[in-house]
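Given next are the chains, with one letter for each unit.
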Amino acid sequence: MLSPIRTQVLVVGAGAAGLNAAIAAARNGAATLLVENHGFLGGVSSTLAWLGFHDQDYRLAVKGLALEIVRRLQEAGAAAEFSFDARVGSALSVDGHYWKCLAMQLVREAGGRVLLDTRMVDTLREGDRIRGVVVEHKSGRQPIEADVTIDCSGDGDVAARGGVDWEKGSTADGELQAPTLVFRLGGADRQSFLAACKDPRYCFRDMIHPYPEIWEKMLRHLDSMPVFLANGFKGFVDEARRQGEYDLPQLRVNLIALHRPDEFCVIMTKVAGVDPTDVSSLSSAYEETYRQVPLLIRFFRKWVPGFADARLVDVAPLLGVRESRRVMGDYVLSAEDLFAAREFDDAVALGGYQIDIHRPDGSVDLRNLETYDIPFRCLVARKVEGLLVAGKCISATHEAISSTRVIPICMALGQAAGTAAAMAVGQGVIPRELGVDALRSRLIEQGAELRQTLGGPNEEMIEKLGRVPLDR
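Residues numbered from 1 in each chain as written. Predicted model: local features only at pLDDT ≥ 70, side-chain atom pairs only at ≥ 80, totals over all residues. Heavy atoms only, no water.

Colleague: Lay out the sheet that holds strand E13 (residues 253-257) with the relevant residues and their values.
Modeller: Across the sheet, five strands lie side by side as E12-E13-E14-E11-E15; this open sheet has antiparallel pairing. The open sheet is flanked by strand E12 (228-232) and strand E15 (311-315), the only strands paired with a single partner. The average angle at which neighbouring strand axes cross in this sheet is 25°, direction not considered. Pairing of E12 with E13 involves five bridges; the strand directions are antiparallel. For Gly232, the partnering residue across the bridge sits in E13 and is Val253. Relative to the sheet, helix H8 (residues 279-303) contacts strand E11 (183-186), E13, strand E14 (264-266) and E15, its axis offset from that of E11 by approximately 30°. (Pairing = 2+ DSSP bridges. Helix = DSSP H or I, 4+ residues; strand = E, 2+ residues; numbered from the N terminus. Axes fitted to C-alpha atoms, helices over the stretch in contact; angles between N-to-C directions. Contact = heavy atoms within 4.5 Å.)

So, in C-alpha cells, the structure goes:
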C-alpha cells in the first residue's frame, strides 16, 4: 500500500455537490482534496440542462457559488440565459464540454487538489470517527486521511462502507426512481417542432395543459424561449406503439430544447428495478439504455415533427441516477416539510423545485411546492463524527429527495458542506459542534440564498407566464 495522503478536507465525488464542496472548502482556507472516479469534473451536471434555480414564484432560490458558475458559463457563451417556466421555475442549457473545463479551472483557482481516475474502495473509521478513505488508482492502493470527509458520491459510498446508517427506496415498496441515460440530438428543424408544439391536435406539455390560461401564455412566448421543456406528445408514442414501432417504458416524448436551435436533450431512456449500488444491476441498466438510444432515434426521425434529419450528437458518459442510498443524519427531511414550506433555524440551502418522482412503470409523479429550507442537520451523518454528506445522498425521505436531488440544489448543498468543513477545521471542532449561526452568516457573505434576499413573488413573471397551483 502506498504512503497515506494527508489533507484537512476530503471530498469524495466531483459531481454537482462534490465540485461545489471542494471549491467552497478551498476558498474558505482548508487544504482540500477532491477525489473522482472519472477523468473529468462535474458529473451529470456537465451533461444535462439545469432546472430549478427559480421557485414557483420565479424567484432565484439558489444563488451563491452555483449562480456564480452559471454566470461564468454565460459570459463565455457556454450557457443560455434563464428561460422561465410555470412548472419548473426556470431552465437553462450549458455547453457540457466547456463546463468540464471551467470546473477544473475553478478548483485550481480555489487552491484545491484533485485525484482523477481514482475509486474509493473503503472507509477509514476509528471508533465513532471517520478518518478518511482508501482509494485505488493507477499507482496502487492508498489511504487518504482527513479531518473532515464529505461524501458526495451520490450513492453514500463513504457512509455505507463506514458503517453509517442509510436507507434506500420508497418506504412503501422499496422501489427506487428509474434512472435515465440522456442523449443529445442535432440537425433538428426547430421551427417545425415549434409548430407541432403549438398545434391544438397535440399536447406537448401534459403537466401544463390542464391549466388553459397558463397554456395560452406559454404558447405566446414559446418562440422567444431559448430553452424549453416538452413532456407530452403522447399520441405519437401511442400510435407508434400501436403500429409495433415502439416498445419502450417511456410513455411520452420528454426532451429539452437547447439554446443551440437545432439541438435537443432527450430524456427518455428508462430502466425499472435498477439498484445503483449493485454492479450487476447497474451494468444491466447501461446495457439496456444503450439498447434504447438507437430505437428512440429511429422513433424521433419517423414520428416527431422536425426530427426527420436528426443526428446523434453525443450520449451522456454517466447514467442519470435519480436515487440511491440516503445517509441518515441528525434530521431527516420529509415530504411534509416540503409541502409546509418549513423554515429551520439551521437552514443552509433552499429548494424551490417540485417533487418529481420517476416511477419504474414510466409514469411521473409531479407536485408543486413553495420554497423550503434544508437544515444543516441533514448534512451531518448520524452517530458518527467527521463525516458530512451533500448531494442526492443527504438525509431525506424517498419523496423529499425527488426534489432536493436536482443539480442546482445539490450545488447549494455542496457549498454548504464545503464551507462547514473548512470552518470546522479552522476552529478545531467537529462539524456537529460548529456554530450554525456563524455558518449561515459565512454562506450569506459568500452569496448563498437563505431567504435574506429572496423577496416576494415576481408578479411581473406571474402575470406573463402564470403560476401552476401548489399541491398539498
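Having seen it, we continue.
Colleague: Got a sec to walk through the side chain of Ser90? Specific residues and values, please.
Modeller: Mapped onto the elements, Ser90 comes out in strand E5 (residues 89-92). The class for Ser90 is buried, based on a relative accessible area of 1%. Of the polar contacts made by the side chain of Ser90, one reaches the side chain of His54; its length is 2.7 Å. In contact with Ser90, not counting residues within four places along its chain, are Trp50, Leu51, Gly52, Phe53, His54, Phe82, Ser83, Phe84 and Asp85. (Buried < 20%, exposed > 50% of the residue type's maximum accessible area, 1.4 Å probe, protein only. Polar contact = N/O pair within 3.5 Å; in protein donor to acceptor, adjacent residues only side chain to side chain.)

Colleague: Hey, could you go over the environment of Glu109 for me, with residue numbers and the actual values?
Modeller: As for its position among the elements, Glu109 is in helix H3 (residues 96-110). Expressed as a C-alpha distance, the spacing of Glu109 and Ala26, which sit 83 residues apart in the sequence, is 9.2 Å.

Colleague: An account of the nonpolar core is requested, with residue identities and associated values reported.
Modeller: Counting 120 residues, the largest nonpolar core has Trp50 and Ile256 as its most contacted members. Looking at this core element by element, the count peaks at 13 residues for helix H11 (residues 407-427). Once you skip the residues sitting within four places of it in the chain, Ile256 turns out to touch Leu48, Ala49, Leu51, Val227, Phe228, Leu229, Glu263, Phe264, Cys265 and Ile267. In terms of nonpolar packing, the next biggest core, distinct from the first, is built from 44 residues, Met218, Met225, Phe228 and Phe236 among them. (Core = buried A, V, L, I, M, F, W, Y, C linked by side-chain atoms within 4.5 Å.)

Colleague: Before we move on, can you summarise the sheet that holds E5 with the specific residues and values?
Modeller: Ordered in space as E3-E5-E4, the three strands form an open sheet in which the pairing is antiparallel. Each end of this open sheet is capped by a strand with a single partner; those strands are strand E3 (50-51) and strand E4 (83-85). Bridging between E4 and E5 involves three bridges; their strand directions are antiparallel. Each bridged residue has a counterpart across the sheet, and for Ser83 the counterpart in E5 is Ala91.

Colleague: Before we move on, can you summarise the pattern of salt bridges with the specific residues and values?
Modeller: If you walk through the whole model with that rule in mind, you get 34 salt bridges. Ionic pairing is found between Asp223 and Lys198, a salt bridge with its closest N-O pair at 2.5 Å. Here Asp223 is found in the loop between helix H6 (212-221) and E12, whereas its partner Lys198 is found in helix H5 (residues 190-198), with 25 residues between them in sequence. Residue class for Asp223 comes out partly exposed when judged on its relative accessible area of 48%. Since its relative accessible area comes to 34%, Lys198 is described here as partly exposed. Via salt bridges that share partners, Asp55, Asp57, Arg59 and Arg467 belong to a single interconnected network. (Salt bridge = Lys/Arg side-chain N within 4 Å of Asp/Glu carboxyl O.)

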